[in-house]
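This is what each chain is made of:
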Amino acid sequence: MNEEINLIEKECSLCDNVFAVEIQEDGKYENGHYFGEIKVPIGVGENIPTGEKLWGCPVVNWSGKEKTIEYWECDDCFNKEED
Ligand SMILES: [Zn+2]
């Protein structure tokens, strides 16, 4: 048997818990819940209104740097939301 399991540490985006995600060979994972990538503003900058509106809210552009993070939730937070 040539079973390879990769364990990757991820941080919960809600409670900052660090948990280990099992990544299997076929790309599936166990533990935690992945919601995709989100952009968060970092450093110095400001929100500049573009003049557009989306769902009634003004759309802004962040003038500073952003970084892309993976949004993960741990099992605890994920299960809490279902209540
Ligand atoms: Zn959590």
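Before any of the text, the structure's been laid out above.
These remarks concern the structure in this document.

What counts and how
Residues numbered from 1 in each chain as written. Predicted model: local features only at pLDDT ≥ 70, side-chain atom pairs only at ≥ 80, totals over all residues. Pairing = 2+ DSSP bridges. Helix = DSSP H or I, 4+ residues; strand = E, 2+ residues; numbered from the N terminus. Buried ≥ 20, exposed ≤ 12 C-beta atoms within 10 Å, placed from the backbone. Contact = placed C-beta atoms within 7 Å.

### Things to note about the sheet that holds strand 2 (residues 18-23)
Here three strands make up an open sheet; going across it, the order is 1-2-3 and the pairing antiparallel. In the strand order of this sheet, the two ends are held by strand 1 (6-11) and strand 3 (29-30), each with one partner. As paired elements, strand 1 and strand 2 share six bridges and run antiparallel to each other. Considered in strand 2, the bridge of K10 is made with F19.

### Here's the deal with the pairing of strand 5 (residues 47-54)
Along strand 5, only zero of the eight residues are buried, which leaves the element largely exposed. Across five bridges, the pairing between strand 5 and strand 6 (residues 57-62) is antiparallel. When the sheet's bridge partners are listed, K53 is paired in strand 6 with P58. A loop of two residues connects strand 5 with strand 6, the two strands running antiparallel in sequence, and W55 in this loop sits at a positive phi of about 50°.

### Quick notes on the environment of E4
On the secondary structure map, E4 appears in the segment before strand 1. Judged by C-beta crowding, with 8 C-beta atoms within 10 Å, E4 ranks as exposed. Taking the C-alpha atoms as reference points, E4 and I23, separated by 19 residues in sequence, lie 8.9 Å from one another.

### Looking at the environment of S63
Turning to its location among the elements, S63 is positioned in the loop between strand 6 and strand 7 (65-73). The exposed category is assigned to S63, around which 11 C-beta atoms lie within 10 Å.

### Thoughts on the environment of L7
Within the element layout of this structure, L7 appears in strand 1. L7 sits in the exposed class, given 9 other C-beta atoms within 10 Å. In this structure, the C-alpha to C-alpha distance between L7 and N61, residues 54 residues apart in sequence, is 37 Å. Excluding its chain neighbours within four sequence positions, the residues that come into contact with L7 are A20 and E22.

### Re unusual backbone geometry
For N31, which is not a glycine, the phi torsion comes out positive at approximately 80°. With respect to the element layout, N31 can be found in the loop between strand 3 and strand 4 (33-42).

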